[in-house]
Amino acid sequence: LSNGVAKVYLIGHCAYVFEKAWKDVVQCEMCGTLETAVEKARCESCDGDCVILSPGTASFDQFKSYGERGDRFPAFARITHPD
(Lines give C-alpha, C1' and ligand atoms only; values in the text may rest on other atoms or scores of the structure.)
Protein backbone atom coordinates (compact mmCIF):
# COMPACT_ATOMS: atom_id res chain seq x y z
CA LEU A 1 0.00 0.00 0.00
CA SER A 2 2.80 2.41 0.75
CA ASN A 3 3.99 2.19 -2.88
CA GLY A 4 1.41 3.91 -5.04
CA VAL A 5 -1.67 4.24 -2.84
CA ALA A 6 -2.39 7.79 -1.73
CA LYS A 7 -5.40 7.06 0.45
CA VAL A 8 -7.82 4.29 1.36
CA TYR A 9 -11.52 5.11 1.75
CA LEU A 10 -12.96 2.48 4.06
CA ILE A 11 -16.56 1.27 4.15
CA GLY A 12 -18.64 -1.40 5.74
CA HIS A 13 -18.53 -3.81 8.60
CA CYS A 14 -14.77 -4.53 8.49
CA ALA A 15 -13.60 -0.94 7.98
CA TYR A 16 -12.16 -0.64 11.49
CA VAL A 17 -10.16 -3.86 11.06
CA PHE A 18 -8.54 -2.51 7.91
CA GLU A 19 -7.93 0.90 9.45
CA LYS A 20 -6.14 -0.69 12.38
CA ALA A 21 -3.99 -2.80 10.03
CA TRP A 22 -3.16 -0.04 7.55
CA LYS A 23 -3.17 3.28 9.43
CA ASP A 24 0.61 3.30 9.89
CA VAL A 25 1.23 2.61 6.18
CA VAL A 26 -1.35 4.67 4.29
CA GLN A 27 -3.82 7.45 5.05
CA CYS A 28 -7.22 5.94 5.85
CA GLU A 29 -10.62 7.60 5.99
CA MET A 30 -13.77 6.02 7.35
CA CYS A 31 -16.59 6.63 4.88
CA GLY A 32 -19.38 4.30 5.95
CA THR A 33 -20.93 3.72 2.54
CA LEU A 34 -19.64 3.12 -0.97
CA GLU A 35 -21.45 6.21 -2.23
CA THR A 36 -19.71 8.39 0.37
CA ALA A 37 -16.32 6.81 -0.38
CA VAL A 38 -16.68 7.41 -4.13
CA GLU A 39 -17.75 11.03 -3.58
CA LYS A 40 -14.84 11.72 -1.22
CA ALA A 41 -12.39 10.12 -3.66
CA ARG A 42 -13.84 12.22 -6.47
CA CYS A 43 -13.44 15.43 -4.50
CA GLU A 44 -9.88 14.64 -3.41
CA SER A 45 -8.50 13.16 -6.63
CA CYS A 46 -6.79 15.05 -9.43
CA ASP A 47 -6.82 14.64 -13.20
CA GLY A 48 -4.93 11.46 -14.05
CA ASP A 49 -5.52 9.79 -10.68
CA CYS A 50 -7.06 6.32 -10.64
CA VAL A 51 -9.76 5.35 -8.15
CA ILE A 52 -10.10 1.59 -7.74
CA LEU A 53 -12.86 -0.41 -6.08
CA SER A 54 -10.91 -3.06 -4.21
CA PRO A 55 -13.20 -5.10 -1.98
CA GLY A 56 -11.32 -6.79 0.83
CA THR A 57 -14.30 -8.64 2.25
CA ALA A 58 -17.91 -9.44 1.49
CA SER A 59 -20.20 -6.45 1.83
CA PHE A 60 -23.48 -8.10 2.68
CA ASP A 61 -24.00 -5.38 5.28
CA GLN A 62 -24.63 -2.97 2.37
CA PHE A 63 -25.35 -5.02 -0.78
CA LYS A 64 -27.28 -8.17 -1.74
CA SER A 65 -24.35 -9.55 -3.74
CA TYR A 66 -20.91 -8.77 -5.17
CA GLY A 67 -22.69 -8.12 -8.47
CA GLU A 68 -24.84 -5.38 -6.98
CA ARG A 69 -21.76 -3.80 -5.38
CA GLY A 70 -19.90 -3.95 -8.69
CA ASP A 71 -22.83 -2.38 -10.53
CA ARG A 72 -23.23 0.44 -8.01
CA PHE A 73 -19.57 1.55 -8.07
CA PRO A 74 -19.57 2.78 -11.70
CA ALA A 75 -23.05 4.23 -11.20
CA PHE A 76 -21.77 6.34 -8.30
CA ALA A 77 -18.57 7.19 -10.20
CA ARG A 78 -20.57 8.57 -13.15
CA ILE A 79 -22.43 11.09 -11.02
CA THR A 80 -21.18 14.54 -11.86
CA HIS A 81 -21.36 17.63 -9.71
CA PRO A 82 -20.93 21.24 -10.78
CA ASP A 83 -17.63 22.79 -9.66
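Scroll up to find the structure this text is about.
Conventions we followed
- Residues numbered from 1 in each chain as written.
- Predicted model: local features only at pLDDT ≥ 70, side-chain atom pairs only at ≥ 80, totals over all residues.
- Heavy atoms only, no water.
- Helix = DSSP H or I, 4+ residues; strand = E, 2+ residues; numbered from the N terminus.
- Polar contact = N/O pair within 3.5 Å; in protein donor to acceptor, adjacent residues only side chain to side chain.
- Contact = heavy atoms within 4.5 Å.
- Buried < 20%, exposed > 50% of the residue type's maximum accessible area, 1.4 Å probe, protein only.
- Arc of directions from axis to C-beta.
- Pairing = 2+ DSSP bridges.
- Phe/Tyr/Trp six-rings, centres within 6.5 Å; stacked < 30°, edge-to-face > 60°.

Q: Looking at this structure, I do not really get the side chain of Glu29. What am I missing?
A: Summarising the element assignment, Glu29 is placed in strand β2 (residues 27-32). Here the side chain of Glu29 touches Lys7 through a polar contact of 2.5 Å, side chain to side chain. What Glu29 contacts, discounting residues up to four positions off in sequence, is Lys7, Val8, Tyr9, Leu10, Lys40 and Glu44.

Q: Could you clarify how one ought to interpret helix α2 (residues 34-44) in this entry?
A: Given 3.6 residues to a turn, an α-helix orients residues that are three or four positions apart in the same direction. Within α2, the full set of buried residues consists of Leu34, Ala37, Val38 and Ala41. End-on, the buried residues of α2 take up no more than an arc of 95°, which puts them together on one face. Considering only its buried residues, α2 is in contact with β1 (7-11), β2 and α3 (66-77).

Q: Please explain the pairing of β2 as it appears in this structure.
A: Taken residue by residue, a regular strand's side chains alternate between the two faces of the sheet. Two elements, β1 and β2, share five bridges in a ladder whose sense is parallel. By the bridge assignment for β2, Tyr9 is matched with Glu29.

Q: Explanation requested: the packing of aromatic side chains in the structure shown.
A: According to the stated counting rule, one finds one aromatic pair in the structure shown. Both rings, one in Phe18 and one in Trp22, keep their centres 4.8 Å apart while their planes meet at 35°; by these two values the pair is tilted. Separated by four residues within a single helix, Phe18 and Trp22 lie in helix α1 (residues 15-22), roughly one turn from each other. Using a relative accessible area of 21% as the deciding quantity, one classes Phe18 as partly exposed.

Q: How should the environment of Thr36 be read in this particular structure?
A: The residue Thr36 is located in helix α2 in this model. Residue classification places Thr36 among the partly exposed positions, given a relative accessible area of 29%.

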